[in-house]
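Here is what each chain is made of, one letter per residue.
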Amino acid sequence: MDNKIFALIDCNNFYCSCERVFNPSLKNKPVVVLSNNDGCIVARSDEVKALGIPMGVPFHEYETFIKKEKVVVFSSNYSLYGDMSKRVMDILSTFTPAIEIYSIDEAFLDFTGFKKENLEEIGRDIRETVLKWTGIPVSVGFSLTKTLAKIANRIAKKEKQRGGVFLMIDENAMNEALPKIATGDIWGIGRKLAPKLENMGIKNAFDLKKQDSHAMRRIFSVVMQRTVMELNGISCIEIEEAAPTKKQILTSRSFGKKISEYKEIEQAVAWHTTRAAEKLRQQGLRAGLIIVFITTNPFSKVDAFYQNSFGITPENPTKDTGELINLAINALKKIYKKGYFYHKCGVILTGLTLDVPAPATLFNETDPVKEKKSEDLMLSIDNINKKLGKSTVKYAAEGLNQSWKMRSTQKSPCYTTKWEELKRVR
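Owing to the predicted nature of the structure, the values given are computational and were not obtained by experimental measurement.

S.K.: Sorry, what's going on with the pattern of salt bridges here?
M.R.: By the definition in use, this model includes 28 salt bridges. A salt bridge links Lys180 to Glu159; its shortest N-O distance comes to 2.9 Å. Of the two residues, Lys180 is situated in the loop between α7 (171-177) and α8 (190-199) and Glu159 in the loop between α6 (146-158) and β8 (165-168); the sequence distance between them amounts to 21 residues. Judged by relative accessible area, which is 44%, Lys180 ranks as partly exposed. It is possible to trace a salt-bridge network through shared partners that takes in Arg286, Lys319, Asp355, Glu371 and Glu375.

In C-alpha cells:
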C-alpha cells in the first residue's frame, strides 16, 4: 500500500494579498490589515514584518511608527476575503477531489496514489494556477502526514530559494527540516506546551520525533502521542472532506462607540440575529435556542461594569429571521439595564438540527401553511440579497442609520460581491 501523501496549501499574507490584487500599486509596499473596529493588527505584509511590527498588537500603539514608515493601512473587509477564499478553494479542488478547507486561507489536499516524482511539478502548477486566476500567491508543502505537511509548508514559505514549494517525503529531507522548527511552531503543540517540552530537553520538531509516543501519551495526552507518530510519518489525522456540523452559530461585534440607549442596542441585536439566521440557512440548519448577550467594557477605568445573557427556546426549531428577531428582542428586554455604557452585544444560535420541519405532536401542532409561507419568504430574501447585495432587503428592526456599527474607516471596496463597488477601469 502506498504511503499517504498530503499537501498543505497556504495563501501568503492572505488579507494583504487580497488588497493587493485590486491595487497593484501596493506591491512591495508595507501593508497591514486591522481587526474589527480598527483595533489590532491582524495581517502584515512581508515588508511590515521586516519593520518589526508584531502581530496582534493594538493599532494605536504603533500608529505613529506606521505613519512614519508610510505603511498602508486597511480596515478588515471580510466580504472580499471570504469571496477570494472561495475562489482559491474552488481552484484547489480541481487538482484532487479530496480537499479539507482548514481555514479561510489554508487547505489540506490528499495526493495519495500520485507519483512522487510528479509532486513538485504539481505544486508549481498549483502556485501558478492560483496566482494567474486569482492574483493570490500561495505556498505548497508536501509530506507523509498532515502535521509534516504543515511543517513543509512553513519551510516553503520561509525559505525563498525553494520557490514556494517544498517536498518533505524522504528521511533525509525530514532530518534536515525538522530541527529548524521550534516546538511551539508544531501543529497541535502551541505556546503553552512548548515550555514544558523544552524543560524536558525537547526544543524542536526533530527532538520530539525521537520521543517514545506511548511515554508522551502518559505524560501529556493522546494528542501528543498522535503528534509524535505524525512526525515519524505515521498518518493519524485523515482529510475531513465534509466539515463537521456546527454546534452553534455566533455573531458578535463591538460597537463603534459607547451606547446606552436601548433602541440602538435593539437594532444591533436584530442585525446580528439576521446575520446568524442567514448562516443558519446556508448550512441547512434550524435553531432550537437563541441566546442574546450584552456587556460593557471590562477594561474601562471610568464606566461601571455589567454583563448578562438570556436564552429563549422557540416553539419549534426555526430558521425564520423574523421569528428569531422577535425572540432576540424579548431576550434583550430581560437583560438590558439603564445607566450603563455598553461596549458589545451578540447572538448565539444553538440547539442546531437539520433543516426539517418539526413533526406535529399532541402538544405541538405545526402549521404547514405558515411553514410554507416562511420557507418562501426566507428563500426570496436570500436570493435578492445574494443577487443585489447584503441587506438590500432587511427587517425594520435592524434600523436605518445604524450609528452603533463598528469603526471601519479604511475599508477597501467589496470588489467582488457588490455591483456598485466593482473595480472601474478609466
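We are not done yet, so read on.
S.K.: Sorry if this is basic, but what is going on with the side chain of Thr183 here?
M.R.: Summarising the element assignment, Thr183 is placed in the loop between α7 and α8. Thr183 sits in the buried class, given a relative accessible area of 0%. Sequence-distant contacts of Thr183, that is, excluding residues within four places in its chain, are made with Ile189, Ala194, Leu197, Glu198, Ile202, Lys203 and Asn204.

S.K.: In this structure, what is going on with a nonpolar patch on the surface? I would like to understand it.
M.R.: A contiguous nonpolar patch, built from Ile384, Leu388 and Val393 and spanning about 220 Å² of accessible area, is present on the exposed surface. Counting through the fold element by element, Val393 comes out in the segment after α14 (368-388).

S.K.: What is the right way to look at the side chain of Asp207 in this model?
M.R.: The residue Asp207 is located in helix α9 (residues 205-209) in this model. Within the local environment of Asp207, its side chain forms a polar contact with the backbone nitrogen of Lys203, the two atoms lying 3.0 Å apart. Setting aside residues no more than four positions away along its own chain, Asp207 makes contact with Gly201 and Ile202.

S.K.: For this particular structure, what's the right way to read the nonpolar core?
M.R.: Formed by 60 residues in total, the largest nonpolar core has its most connected members in Leu92, Phe111, Met168 and Leu208. Ranked by residues supplied to this core, first place goes to helix α4 (residues 78-92) with seven residues. Filtering out sequence-adjacent residues up to four positions away, Leu208 remains in contact with Ile186, Ile189, Leu197, Ile202, Met216, Met224, Thr227, Val228 and Leu231. Of all hydrophobic cores here, the second largest spans 32 residues; its members include Tyr262, Ala277, Leu280 and Tyr306.

S.K.: What should I look at first to understand the pairing of strand β3 (residues 41-44) in this one?
M.R.: Each regular strand displays side chains that alternate between the two surfaces of the sheet. Bridge analysis of strand β2 (residues 31-34) against β3 gives three bridges, and the strand direction is antiparallel. Of the residues in β3, the one forming a bridge with Val33 is Ala43.

S.K.: Sorry, what's going on with the sheet that holds strand β11 (residues 289-296) here?
M.R.: Within a sheet, each strand pairs with its neighbour through backbone hydrogen bonds, oriented either parallel or antiparallel. One open sheet accounts for four strands, arranged β9-β13-β11-β12; its pairing is antiparallel. The open sheet has two free edges, formed respectively by β9 (248-259) and β12 (307-312), since each of these has just one partner strand. Going from strand to strand, the sheet's axes swing by 15° on average, the running direction of each strand aside. Taken together, the eight bridges between β11 and strand β13 (residues 342-350) define a ladder with antiparallel strand orientation. Pairing of Phe293 across the sheet is with Gly346, part of β13. Packing of helix α13 (residues 321-335) onto the sheet brings it into contact with β11, β12 and β13, and relative to β11 it is tilted by some 40°.

S.K.: Please explain the packing of aromatic side chains as it appears in this structure.
M.R.: Each aromatic ring pair is specified by the distance between its two centres and by the angle formed by the two planes. Inspection of every chain in the model, using the stated rule, returns 14 aromatic pairs. Geometrically, the ring pair formed by Tyr306 and Tyr340 is stacked, given 5.0 Å between the ring centres and 25° between the ring planes. With Tyr306 in the loop between β11 and β12 and Tyr340 in the loop between α13 and β13, the pair connects residues that are 34 residues apart, well separated along the chain. By relative accessible area, Tyr306 is classed as buried at 9%. Judged by centre distance (6.3 Å) and plane angle (75°), the rings of Tyr306 and Tyr342 are edge-to-face. A residue pair is termed long-range when its members are at least 10 positions apart, and Tyr306 in the loop between β11 and β12 and Tyr342 in strand β13 qualify at 36 residues. As far as the burial class goes, Tyr306 and Tyr342 line up, both buried. An aromatic cluster of at least three residues, connected via ring pairs, comprises Tyr262, Tyr306, Tyr336, Tyr340 and Tyr342.

Cut-offs applied
- Residues numbered from 1 in each chain as written.
- Predicted model: local features only at pLDDT ≥ 70, side-chain atom pairs only at ≥ 80, totals over all residues.
- Heavy atoms only, no water.
- Salt bridge = Lys/Arg side-chain N within 4 Å of Asp/Glu carboxyl O.
- Helix = DSSP H or I, 4+ residues; strand = E, 2+ residues; numbered from the N terminus.
- Buried < 20%, exposed > 50% of the residue type's maximum accessible area, 1.4 Å probe, protein only.
- Contact = heavy atoms within 4.5 Å.
- Patch = residues over 30% accessible without salt bridge, like charges linked within 9 Å, V, L, I, M, F, W, Y side chains within 5 Å.
- Areas by Shrake-Rupley, 256 points an atom, 1.4 Å probe, with all protein chains shown as cover.
- Polar contact = N/O pair within 3.5 Å; in protein donor to acceptor, adjacent residues only side chain to side chain.
- Core = buried A, V, L, I, M, F, W, Y, C linked by side-chain atoms within 4.5 Å.
- Pairing = 2+ DSSP bridges.
- Axes fitted to C-alpha atoms, helices over the stretch in contact; angles between N-to-C directions.
- Phe/Tyr/Trp six-rings, centres within 6.5 Å; stacked < 30°, edge-to-face > 60°.

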